[in-house]
Amino acid sequence: MTANALPAPGPTPVEYGRATRRYLWYAVVAVVASFGLAAWIYELRAGLAATGMRDVVSWGMYIYTFAFFIGLSAGGLIMASSAEVFGIAALKPLSRLGVLSAGACVTVAGLMIIPDLGRPARILNLFIHPNWASPLIWDILIILTYFVFSVVDLTILQRHAHNPAGWLRGIRVLAYIGLPLAVLLHSVTAWIFGLQIARSWWNTALMAPLFVVSAILSGTALVTLIALGAERWTGYVLPVATRRWLRGLIAVTLLVDLFFVGCDYVTVLWGNVPADRSALNLVLPGGAWSWTFWVEWIVGGLLPLALLLTPRLRRLPGALGIAALLVLVGVYAFRIEL
């Protein structure tokens, strides 16, 4: 070192604080992952009965978490593809974010299938001895295709970001492919539920459109939270027009989602078929799972609508982010409810 050389400056307090928060977050994730791994090892030794699944609640946390993350992934890609297909300029800044969240969420959804099998090695039978009459096989194929598509789409979007004049045609072609692919992904998941004849509450043609709408709702809410987080902790700026579109999209899809669920309730209650009512009575007020009803309709329904539609409330700092978070809680309660 020469006499005139100065020592390299150390991290600033802001940089030090960011690094501390990052490592703290890594530690929290590691603890949660370790707990999950320990629980899975216990399940492998004790069997799936350890999860508490019974005849009425035959599919537990693995499957409703699977359905939840499938919805998040489909919704993220639908939003990103719609921006290009329908020429919604306000949503185009979120295209990469939507595709990235889609790929990450479909990965988590696919991983949820493995512990639900009880014996993970049996997953090979899905490929060695596939039952083409089973919707599960088609769901697995759609998930794999969807994951590959998300990786390719994100790669093209990244290259376009570094070279704005290039890859425009590729982005448009992928958008036209991604939109129906995302709808198909969540429709197949819905058909797995809806084709269960023995489960009369699930056995309805309304299941697929309901799942697609809830996917758009939850996927948009997740992308909104990520965008707001990036605006809060990075230099990203969320345009006013984009914020307005996100607010409107969440509000409209939430209203449609609650309308579909309400139609399902009215049909079952009016028909008053004992088998149908016995399932619905579990989640209606007074039932063993009634808390999911209140979380879905109040926490994830009326409160977000108030924050999004009431002029005085939607001007409050953080109103959009809180509404998006409550929507995700409500959609997750809906997955448990089914």
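Residues numbered from 1 in each chain as written. Predicted model: local features only at pLDDT ≥ 70, side-chain atom pairs only at ≥ 80, totals over all residues. Heavy atoms only, no water.

Would you mind going over the nonpolar core with me for this structure?
Proteins that are soluble and globular tend to have nonpolar side chains buried together. Of all hydrophobic cores here, the largest spans 32 residues; its most connected members are Met79, Leu94, Ile250 and Val327. Among the elements of the structure, α2 (61-85), α7 (207-233), α8 (240-271), α10 (290-309) and α12 (319-337) are those that each provide at least two residues to this core. Per-element accounting of this core gives the leading share, eight residues, to α12. When near neighbours in sequence (up to four residues on either side) are disregarded, Met79 contacts Leu91, Leu94, Thr220, Val223, Leu246 and Leu249. (Core = buried A, V, L, I, M, F, W, Y, C linked by side-chain atoms within 4.5 Å. Buried < 20%, exposed > 50% of the residue type's maximum accessible area, 1.4 Å probe, protein only. Helix = DSSP H or I, 4+ residues; strand = E, 2+ residues; numbered from the N terminus. Contact = heavy atoms within 4.5 Å.)

Help me understand the pattern of salt bridges, please; the structure alone is not making it clear to me.
Note that side chains of opposite charge can pair when their charged atoms are close. Going through the model one piece at a time under the given rule, you end up with three salt bridges. The closest approach of N and O atoms between Glu84 and Lys92, which form a salt bridge, is 4.0 Å. The buried category is assigned to Glu84, whose relative accessible area is 18%. Arg243 is the salt-bridge partner of Glu231, the closest N and O atoms lying 2.9 Å from each other. Remark: Arg243 occurs in helix α8 and Glu231 occurs in helix α7; sequence separation between them is twelve residues. In this structure Glu231 comes out as partly exposed when scored by relative accessible area, which is 26%. One salt-bridge network, in which partners are shared between bridges, spans Glu84, Lys92 and Arg172. (Salt bridge = Lys/Arg side-chain N within 4 Å of Asp/Glu carboxyl O.)

Before we go on, may I ask you to explain the confidence of the model for the protein chain in this structure?
In low-pLDDT regions, the fine details of the predicted coordinates are not to be read closely. Summary statistics for the protein chain give a mean pLDDT of 84 and a share of 93% for residues scoring 70 or more. The least confident element of the protein chain is helix α9 (residues 274-280), whose mean pLDDT is 78; the most confident is α10, at 92. (pLDDT = per-residue confidence, 0-100.)

What is the right way to read α2 from this model?
Spacing of three or four residues puts side chains on the same side of an α-helix, whose turn is 3.6 residues. With 25 residues, α2 should cover 36 Å at 1.5 Å per step; its first-to-last C-alpha distance of 35 Å lies within 8% of that length. Positive backbone phi, at 65°, marks Gly87, one or two positions downstream of α2. (Expected span 1.5 Å × (residues − 1).)

Is there a simple way to think about the packing of α2 against α12 in this case?
Any two packed helices are characterised by the angle at which their axes cross and by the distance between the axes. At a minimum axis separation of 9 Å, α2 and α12 run at an interaxial angle of 135°. With respect to α12, the axis of α2 lies oblique. The way α2 lies across α12 gives a crossing that is right-handed. Residues Met61, Tyr64, Thr65, Ala67, Phe68, Gly71 and Leu72 of α2 pack against Leu328, Val331, Tyr332, Arg335 and Ile336 of α12. (Axes fitted to C-alpha atoms, helices over the stretch in contact; angles between N-to-C directions. Parallel < 35°, antiparallel > 145°, perpendicular 65-115°, else oblique. Left-handed = near helix turned anticlockwise from the far one by under 90°.)

What is the right way to look at the packing of aromatic side chains in this model?
Here a ring pair, both rings aromatic, is described through the centre-centre distance and the interplanar angle of the planes. Counted under the stated rule, the structure contains twelve aromatic pairs. Taking the centre distance of 4.9 Å and the plane angle of 80° together, the rings of Phe68 and Tyr332 count as edge-to-face. Placement of Phe68 in helix α2 and of Tyr332 in helix α12 is noted, with a sequence separation of 264 residues between them. With a relative accessible area of 25%, Tyr332 lands in the partly exposed category. Counting every residue linked through ring pairs, the aromatic cluster contains Tyr64, Phe68, Phe69 and Tyr332. Across the ring face of Phe211, the terminal group of Arg335 is positioned such that the distance to the ring centre comes to 4.5 Å. (Phe/Tyr/Trp six-rings, centres within 6.5 Å; stacked < 30°, edge-to-face > 60°. Lys NZ or Arg CZ within 6 Å of the ring centre and 35° of its normal.)

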